Amino acid sequence: MNAEQLRECGHRMVDFIADYYKDIENFPVLSQVQPGYLRQLLPGSAPVHPDTLEDVLDDMQRKILPGVTHWQSPNFFAYYPSNSSVAGFLGEMLSAGINMVGFSWITSPAATELEMIVLDWLAKALNLPDDFLSTGRGGGVIQGTASEAVLVVLLAARDKVLRKIGKDAIGKLVVYSSDQTHSALQKACQIAGIHPDNCRVLKTDSSTDYALSPESLSEAITHDLAIGLVPFFLCATVGSTSSTAVDPLLALGKITKSNGIWFHVDAAYAGSSCVCPELRHYIDGVEEADSFNMNAHKWFLTNFDCSILWVKDRSALIQSLSTNPEFLKNNASEKNVVVDYKDWQIPLGRRFRSLKLWMVLRLYGLENLQAYIRNHIKLARDFEELVAQDSRFEIVAPRKFSLVCFRLLSPQSDEDCANKLNRDLLDAANSTGKIYISHTVLSNKYTLRFAVGAPLTEERHVVDAWKVLQVEASNLLRTL
Ligand code: PLP
């Protein structure tokens, strides 16, 4: 690393990225390239002699950016957002610049200690119970994704129960979730060796706004106990991926507690919003949970990746995930006076993960983060009103946060035709390159999802997006 070279190239790179953000609205939001496009543009093998940075940036502009879908575009309304910010970007730069590997406290004490402090700050901002703070038996850890978060707590819960009933009973363990739970749980079960027949996916419907009903959980547990199985894990969701359904944490938590079941709350998207006091009620009952997860990289201005997991009993994680090879032994770890985050996650190595969250919290302050969330919710409400005013459309599920689920009504009563019509509308709108939205299926209805959450989105983008949808809808309806 040559410091002067870094200074020069770093400035050039920051200029490139700043120009990218300045021009971002000129790109089609959804990349319009065909599969395999890049192989035709790049050489078949690595250069033997070095290229210049200018050559690389030139290729970046002409060959790579056309194949990028612009998640930071103000016209990106698909999936859930993946926020960037100057603060998050600077934190990422610092982390890349320092480039330490903080798997154990000793390998960079500040990395571990800052993460513990920052996650305690955020736990307090969310008004999480004190049990989740690192000052007691619990604590927070930054994972890459919500998928990793649910996997590590599933492993911890599995091993905790198997220590009691014996390893051979793994085939009896039962996991509960709803049909709205993210597929990350299914993957975690596959990795954790939970028998596929023992993954209870409880049905939800529009009568509970797709929330998991405590009665159906109770019934399933009673049935499983009666046939000799061992209920051990529930994953509830606050802000489900399809429609922002909110499971009733308090009632579910009472059931898990009385049955000795690990209770995990996945608030990957909606958790961030709970820093606003008026939205905090969505996680009421979190005091019953054993673990709680939110993705700061979704809706909290922290560049990907930054998925925060809090647990009440860190020893459960550590008992499941710790290793202690000779080459990593050190006094601080041996004396058991420090946190070694290697024992709270799947990989060994880890970046200075907390820097960007620390920068975000400091450079915005909670009041600006709250205003940021509230603005997106207002923009989503605006969009919802626009949809409601056009009688050709319907709102499919109630809006709670910044996602609107809606669909175009079909003149034909046949459900297949209605589904095809909405699929065609999605394709038509996205292929304009002006906006990008995604879809889900709710009660067999193909449903369009409009998720506000890109940091650059303003009212005009929402209004223009609605116009694109209206124009494409009119075109399609004319062809019927
Ligand atoms: N849980 C919920 C509710 C989500 O919406 C998502 C992704 O959108 C996930 C989990 C998976 O997130 P990740 O990509 O961080 O694993």
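Definitions and cut-offs
- Residues numbered from 1 in each chain as written.
- Predicted model: local features only at pLDDT ≥ 70, side-chain atom pairs only at ≥ 80, totals over all residues.
- UniProt positions renumbered as here; feature names shortened; annotations may be inferred.
- Helix = DSSP H or I, 4+ residues; strand = E, 2+ residues; numbered from the N terminus.
- Buried ≥ 20, exposed ≤ 12 C-beta atoms within 10 Å, placed from the backbone.
- Contact = placed C-beta atoms within 7 Å.
- Pairing = 2+ DSSP bridges.
- Axes fitted to C-alpha atoms, helices over the stretch in contact; angles between N-to-C directions.
- Near = placed C-beta within 6 Å.
- Nonpolar A, V, L, I, M, F, W, Y, C, P; charged D, E, K, R; others polar.
- Core = buried A, V, L, I, M, F, W, Y, C linked by C-beta atoms within 7 Å.
- Parallel < 35°, antiparallel > 145°, perpendicular 65-115°, else oblique.
- Left-handed = near helix turned anticlockwise from the far one by under 90°.
- pLDDT = per-residue confidence, 0-100.
- Arc of directions from axis to C-beta.

- Where an unreviewed UniProt entry is consulted, the protein chain appears under the name Phenylacetaldehyde synthase-like, with the organism given as Coffea arabica.
- Under the UniProt heading Sequence similarities (unreviewed entry), the entry covering the protein chain gives this text: "Belongs to the group II decarboxylase family."

### So, the overall build of the protein chain
For step 1, the next point in the chain: Across its full length, the protein chain holds 14 helices and 11 strands.
For step 2, the next point in the chain: Principal-axis analysis of the C-alpha atoms places the extent of the protein chain at approximately 65 × 65 × 45 Å.
For step 3, the next point in the chain: Of all 480 residues assigned to the protein chain, the portion counted as buried reaches 45%.
For step 4, the next point in the chain: A sequence separation of at least 24 residues applies to 75% of the contacts in the protein chain between residues at least 6 apart.

### Structural notes on the sheet that holds strand S9 (residues 403-408)
For step 1, the next point in the chain: Here we have four strands laid out as an open sheet, ordered S8-S9-S11-S10, and antiparallel in their pairing. Unpaired on one side and paired on the other, strand S8 (393-397) and strand S10 (438-442) mark the two borders of the sheet. Each neighbouring strand pair of the sheet contributes to a mean axis angle of 45°, computed without reference to strand direction.
For step 2, the next point in the chain: Across four bridges, S9 lies against strand S11 (residues 445-451) in antiparallel orientation.

### Regarding the site of the ligand
For step 1, the next point in the chain: Among the 15 residues in the neighbourhood of the ligand, the closest are listed as Thr-145, Ala-146, Ser-147, His-182 and Ala-268.
For step 2, the next point in the chain: Residues belonging to the shell around the ligand are distributed by class as follows: five nonpolar, nine polar and one charged.

### Focus: the sheet that holds strand S1 (residues 139-143)
Sheets are built from strands that pair by backbone hydrogen bonding, the pairs being arranged parallel or antiparallel.
For step 1, the next point in the chain: Sheet architecture is open: seven strands sit in the order S1-S7-S6-S5-S4-S2-S3, paired in mixed fashion. Edge strands, defined here as strands with exactly one partner in the open sheet, are S1 and strand S3 (199-202). On average, each strand axis in the sheet is inclined to that of its neighbour by 20°, with strand direction left out of account.
For step 2, the next point in the chain: Where strand S4 (residues 230-237) and strand S5 (residues 262-266) come together, five bridges link them in parallel fashion.

### Describing the environment of Phe-401
For step 1, the next point in the chain: Examined against the element boundaries, Phe-401 turns out to sit in the loop between S8 and S9.
For step 2, the next point in the chain: Considering only alpha carbons, one finds Phe-401 and Asn-83, 318 residues apart in sequence, at a separation of 16 Å.
For step 3, the next point in the chain: In this structure Phe-401 touches Gly-239, Thr-244, Ala-270, Ser-273 and Ile-377, once residues within four positions along its chain are discounted.

### Thoughts on the nonpolar core
Soluble globular proteins: nonpolar side chains tend toward being buried together.
For step 1, the next point in the chain: Of all hydrophobic cores here, the largest spans 131 residues; its most connected members are Phe-77, Val-150, Leu-154, Phe-233 and Phe-383.
For step 2, the next point in the chain: The dominant element in this core, judged by the number of residues it contributes, is helix H12 (residues 354-389), at 15 residues.
For step 3, the next point in the chain: Beyond its immediate stretch of four places on either side in the chain, Phe-77 contacts Ile-435, Tyr-436, Ile-437, Phe-450, Ala-451, Val-452 and Ala-465.

### Comments concerning the packing of helix H7 (residues 214-226) against helix H8 (residues 249-258)
For step 1, the next point in the chain: Orientation of H7 relative to H8, taken along the N-to-C sense of each, is 15°, at an axis distance of 9 Å. The pairing of H7 with H8 is recorded here as roughly parallel in orientation. Relative to H8, the crossing made by H7 is right-handed. The segment H7 lies against H8, with Pro-214, Leu-217, Ser-218 and Ile-221 engaging Ala-251, Leu-252 and Ile-255.
For step 2, the next point in the chain: Looking at side-chain class alone, the contact of H7 with H8 contains six nonpolar, one polar and no charged residues.

### Some remarks on the environment of Ile-24
For step 1, the next point in the chain: With respect to the helices, strands and loops of the structure, Ile-24 is situated in the loop between helix H1 (3-23) and helix H2 (53-64).
For step 2, the next point in the chain: Among the residues examined, Ile-24 registers 17 C-beta atoms within 10 Å and is labelled partly exposed.
For step 3, the next point in the chain: Separated by 50 residues in sequence, Ile-24 and Pro-74 place their C-alpha atoms 8.3 Å apart.
For step 4, the next point in the chain: Sequence-distant contacts of Ile-24, defined by excluding residues within four places in its chain, comprise His-70, Gln-72 and Ser-73.

### Remarks on the confidence of the model for the protein chain
For step 1, the next point in the chain: In the predicted model, the protein chain carries a mean pLDDT of 97, and the fraction of residues at 70 or more is 100%.
For step 2, the next point in the chain: As a predicted assembly, this complex carries a pTM of 0.97 together with an ipTM value of 0.98.

### Notes on H8
For step 1, the next point in the chain: Turning to H8, its buried residues are Leu-249, Leu-252, Gly-253 and Thr-256. An end-on view of H8 places all buried positions within 100° of arc, on one side of the element.
For step 2, the next point in the chain: Check the buried side of H8 and you find it contacts H7, S4 and S5.

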